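Secondary and tertiary structure notes
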Amino acid sequence: MRCAPLHLLLAITSPPRPGLHFPHEWNQLVVRIWSQVCYSCLRRKAGKGSDSSGGCYFCSDACREHAEGFHGIEKNVDWSLLDDHCSSRGLKYPYMVKRLACMVMSGAVGADCLDILQPAHLHQSTITEMEEEFELLDSTFRKAGFQEELATFFTKQWYINVLARIRVNAFRIELVASSYEDLLSSAIASVACDASVGNAVYMLPSFYNHDCDPNTHIVWLENADAKLKTLRDIDEGEELRICYIDTSMDVNARQKILAEGFGFQCRCLRCLSGD
Ligand SMILES: C[S@@+](CC[C@H](N)C(=O)[O-])C[C@H]1O[C@@H](n2cnc3c(N)ncnc32)[C@H](O)[C@@H]1O
């Protein structure tokens, strides 16, 4: 998790303040977890709505068009083995690699589109797990007849490289409820799927470093469009930093989570002062 949960309360009780806006089109990858949100942009389904695209809800024609290429591939594949694998282990990121592979096959993005992002440092045991996941995804695609489309890019190394970048740079998206009914639905969803409606990798926000006393935070109100808001006045030239974890923990707990979850030793001023 990369943003402190505090933003949920702030956003409900105060009107949105102007901030830097990262529109949905800037996302390389958005994957939903909760089915009650738009397949493409993660906007919450209004009322009962209708699933008119093979059980998938799209909030607008624009979203349907945006997803046309990768959805066209995804709906022709039997994902049950991957679903079993991920749900039994609580994994979400393999779904992002799967989505990226479908986007590459449909020509929406290049296979190297995430290469600019910093990868996670991986232990050999993690690489072995990723190799097994690759085999599973590869055979799933092949069973569905996508051999030719995979041939140009889909290798074990590609899978590991992409997943290593997603692990460090993906945001967990929690949408703010806009009505009491929504709030109830969110509560149910949070029990069922860990409060998040999806995950996304954004290009520019991936370059923000972490700080245990951040000067900005990222919020989502309606969909996967992200806003960067300041938490205090920012001096000219000051680096914008967000927090990747819950910063209410003590320095040892924070360092442990950042080392184990993100693979780095935090060198922010708060940590350096031992606070
Ligand atoms: C999402 S990336 C941030 C952008 C990255 N610095 C870059 O140049 O692309 C996260 C990585 O940045 C580095 N990083 C971020 N915040 C840090 C901090 N407070 N202390 C030390 N390293 C940090 C770590 O290597 C971490 O894995």
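All figures in this text were calculated on a predicted structure; none of them were measured in a lab.

Analysis parameters
- Residues numbered from 1 in each chain as written.
- Predicted model: local features only at pLDDT ≥ 70, side-chain atom pairs only at ≥ 80, totals over all residues.
- Helix = DSSP H or I, 4+ residues; strand = E, 2+ residues; numbered from the N terminus.
- Buried ≥ 20, exposed ≤ 12 C-beta atoms within 10 Å, placed from the backbone.
- Contact = placed C-beta atoms within 7 Å.
- Near = placed C-beta within 6 Å.
- Nonpolar A, V, L, I, M, F, W, Y, C, P; charged D, E, K, R; others polar.
- Expected span 1.5 Å × (residues − 1).
- Axes fitted to C-alpha atoms, helices over the stretch in contact; angles between N-to-C directions.
- Parallel < 35°, antiparallel > 145°, perpendicular 65-115°, else oblique.
- Left-handed = near helix turned anticlockwise from the far one by under 90°.
- Core = buried A, V, L, I, M, F, W, Y, C linked by C-beta atoms within 7 Å.
- Pairing = 2+ DSSP bridges.
- pLDDT = per-residue confidence, 0-100.

Turning to the overall build of the protein, a few remarks are in order. Along the backbone of the protein there are 10 helices and eight strands. Among the 275 residues that make up the protein, the fraction classed as buried is 32%. Considering only intrachain contacts with a sequence separation of at least 6, the fraction spanning at least 24 residues in the protein is 74%.

With a phi angle near 75 degrees, L42 is a residue other than glycine that sits in the positive phi range. Locating L42 in the fold gives a position in the loop between β2 (27-32) and α2 (61-74). Owing to 28 C-beta atoms within 10 Å, L42 belongs among the buried residues under this scheme.

Close to the ligand lie 14 residues, the nearest being Q118, N209, H210, F264 and R267. Listing elements by their share of the shell around the ligand, those giving two or more residues are α7 (156-169) and β5 (209-210). Partitioning the shell around the ligand into residue classes produces six nonpolar, six polar and two charged.

The next point concerns the environment of A67. When you line up the elements, A67 lands in helix α2. Apart from residues no more than four positions distant in its own chain, A67 is found in contact with Y39, S40 and F58.

By the element assignment, L136 lies in helix α5 (residues 124-143). Among all residues touching L136, those that are not within four sequence positions of it are L81, L82 and H85.

In this model α7 runs 20 Å from its N-terminal to its C-terminal C-alpha over 14 residues, within 8% of the 20 Å that 1.5 Å per residue would give. Taken together, the buried positions of α7 are occupied by Y159, V162, L163, A164, R165, I166 and N169. Its buried side turned inward, α7 meets α4 (93-105), α5 and β4 (198-202).

Turning next to the packing of α5 against α7. As a packed pair, α5 and α7 sit with axes 9 Å apart at the nearest point and diverge in direction by 120 degrees. By the angle between their directions, the pair α5 and α7 is classed as oblique. Here the hand of the crossing between α5 and α7 comes out right-handed. Mapping the contact onto sequence places I127, M130, E131 and F134 in α5 and K156, Y159, I160 and L163 in α7. Looking at side-chain class alone, the contact of α5 with α7 contains six nonpolar, no polar and two charged residues.

This next bit is on the packing of helix α3 (residues 80-89) against α5. Where α3 contacts α5, the two axes come as close as 9 Å, and the packing angle between them is 155 degrees. What the angle tells us is that α3 and α5 run roughly antiparallel. For the pair α3 and α5, the contacting residues are L81, L82 and H85 in the first and E133, L136, L137 and T140 in the second.

Quick look at the nonpolar core now. Judged by nonpolar contacts, the single largest core of 56 residues is most densely connected at L42, M96, V97 and A200. Ranked by the residues each element gives to this core, the list is headed by α4, at 10 residues.

With that settled, the discussion passes to the pairing of β4. Buried residues dominate β4, accounting for five of its five residues. Pairing between strand β3 (residues 171-173) and β4: three bridges, direction antiparallel. In the sheet register, I173 faces β4, and the bridge partner there is G198.

Turning next to the confidence of the model for the protein. Residues with a pLDDT of 70 or more make up 80% of the protein, whose mean pLDDT is 83. Between residues 1-17, whose pLDDT stays under 50, and residues either more than four places distant or in other chains, the model counts 26 contacts. A low-confidence stretch, residues 186-193 stays under pLDDT 50, and its non-local contacts, those more than four residues away or across chains, total seven contacts. Predicted complex metrics record ipTM = 0.99 and pTM = 0.84.

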